[in-house]
Amino acid sequence: ICRFLQRSTVLSFPKLCHIFWRCHHTSISQMCSCSKTISDEKYQDPFQLGRKDLKNLYEDIKKELLVSTAELREMCEYYFDGKGKAFRPMIVVLMARACNIHHNNSREMQASQRSVAIIAEMIHTASLVHDDVIDDANSRRGKMTVNQIWGERKAVLAGDFILSAASVALARIGNTTIISVLTQVIEDLVRGEFLQLGSKENENERFAHYLEKTFKKTASLIANSCKAVSILGCPDPKVHEIAYQYGKNVGIAFQLIDDVLDFTSCADHLGKPAAADLKLGLATGPVLFACRQFPEMNAMIMRRFSKPGDVERARKYVLQSDGVQQTTYLAQRYCHEATREISKLRPSPEREALIQLTDMVLLRDK
């Protein structure tokens, strides 16, 4: 299965379904057993362990966003209110420490590594501002979006400004390799958005298209940020690849669960409208799996759920199918692969926390 995951973006959808169908009756507790066995022995709460390095994170981000225009500053700081989970920076600081300990048992984190965590959160937030404009979204994290309050034009400029501030912070690190790794993220975000705007007529190509979009829009940031801090902390290319693969697999699993929650969680809990992806015309994992049991969904996918009643019918089909379970199972396989990769590093509290994090990704409810 682990070998399969690395080739998953080139396998046709029927082959994917055949592989996952055989495992359909496997319980979640069994699937998580690998990481549970490790993490129960030395439980490390990732949020507790990462807290010391993330102290004043949002204050430091706001220092990067100093501008003379009060309105622009207010827009740029709007999502940096300290109420986010800081999921990405937390992974980055844990990975930095895990790699430092693996390399020379260093208990110190470099300032440049913490800067990568700050830059990652800034790039992520800029992408949220831009996504909300593209999607014409009206709520994010339980409050109105930037584009709803200040309008689309100003929201685009605010997102651009956050990206430019992140680029200045990145240049300040002064390492051309790190600049190259993290600018790849920005390219992937744009390419991922273009993939999302398009769709595949060929049913067999849809899942590969979906996974590629998921990597570029979500996982690339985590994968390349993890790789960046590993480069800063350790000269071994094998460690850089471990960090990258862990981030990639956790990032894809995170988005798969996000796509599941779009069908299973209520809007109030999510902080954004439920079934939002269907309303945007997007066929995510649960829809693509459900389509195997309800082929009549193909026509709806091709017209991007644009006919009256399409969204409600598609949601009903998904919940009647095993699409949610199959997508969850796929996320479990990616988390299993992330655990397998990170377990190659020398044992440390941070390594154990990163293993524990894979369970938290699977069990989150918002």
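Quick notes on the rules
Residues numbered from 1 in each chain as written. Predicted model: local features only at pLDDT ≥ 70, side-chain atom pairs only at ≥ 80, totals over all residues. Heavy atoms only, no water. UniProt positions renumbered as here; feature names shortened; annotations may be inferred. Helix = DSSP H or I, 4+ residues; strand = E, 2+ residues; numbered from the N terminus. Contact = heavy atoms within 4.5 Å. Areas by Shrake-Rupley, 256 points an atom, 1.4 Å probe, with all protein chains shown as cover. Core = buried A, V, L, I, M, F, W, Y, C linked by side-chain atoms within 4.5 Å. Buried < 20%, exposed > 50% of the residue type's maximum accessible area, 1.4 Å probe, protein only. Expected span 1.5 Å × (residues − 1). Polar contact = N/O pair within 3.5 Å; in protein donor to acceptor, adjacent residues only side chain to side chain. Salt bridge = Lys/Arg side-chain N within 4 Å of Asp/Glu carboxyl O. Disulfide = S-S within 2.5 Å.

- An unreviewed UniProt entry lists the protein chain under the name All trans-polyprenyl-diphosphate synthase PDSS1, with Tinamus guttatus as the source organism.
- For the protein chain, the Cofactor (unreviewed entry) comment in UniProt is given as "Mg(2+)".

### Details of the overall build of the protein chain
Here is step 1: In terms of regular secondary structure, the protein chain is built from 21 helices and two strands.
Here is step 2: Expressed as a percentage of contacts within the protein chain between residues at least 6 apart in sequence, the contacts between residues at least 24 apart total 76%.
Here is step 3: Carbon and sulfur atoms make up 52% of the accessible area of the protein chain, which totals about 15900 Å².

### Concerning the nonpolar core
Here is step 1: Judged by nonpolar contacts, the single largest core of 105 residues is most densely connected at F87, I91, M95, V116, M122, Y246 and M297.
Here is step 2: Top element by residues in this core is helix α14 (residues 237–264). It accounts for 14 residues.
Here is step 3: Excluding residues that lie within four positions of it along the chain, M297 makes contacts with V287, A290, C291, A314, Y317 and V318.

### Here we look at unusual backbone geometry
Here is step 1: A positive phi is found at D136, a non-glycine position, where the angle reads about 55°.
Here is step 2: Phi angles above zero are rare outside glycine, and R141 is one such case at about 55°.
Here is step 3: With respect to the secondary-structure elements, R141 resides in the loop between β1 (139–140) and β2 (143–144).

### Regarding α14
Here is step 1: With 28 residues, α14 should cover 40 Å at 1.5 Å per step; its first-to-last C-alpha distance of 40 Å lies within 8% of that length.
Here is step 2: With 24 of its 28 residues buried, α14 lies for the most part within the structure.
Here is step 3: The N-capping residue of α14, defined by a side-chain oxygen 2.9 Å from the backbone nitrogen of K238, is D236.

### Things to note about the pattern of salt bridges
Here is step 1: A full pass over the atoms with the stated rule returns 18 salt bridges.
Here is step 2: When the shortest N-O distance is used, the salt bridge between K143 and D81 registers 2.8 Å. Of this pair, K143 sits in strand β2 while D81 sits in the loop between α7 (70–77) and α8 (87–104), and the two are 62 residues apart along the sequence.
Here is step 3: Residue D310 is joined to R303 by a salt bridge in which the shortest nitrogen-to-oxygen separation is 2.7 Å.
Here is step 4: Using a relative accessible area of 1% as the deciding quantity, one classes D310 as buried.
Here is step 5: Ionic contacts of the salt-bridge type, sharing partners, join the residues E337, R340, E341 and K344 into one network.

### Structural notes on the state of the cysteines
Here is step 1: This model, assessed by the stated rule, comprises zero disulfides.
Here is step 2: C99 carries a free sulfur, and the closest cysteine sulfur to it, the one in C234, is 6.6 Å from it.
Here is step 3: With relative accessibility at 0%, the residue C99 sits in the buried group.
Here is step 4: Counting only cysteine sulfurs, C99 is the nearest neighbor of C226, a cysteine outside any disulfide, at a range of 8.0 Å.

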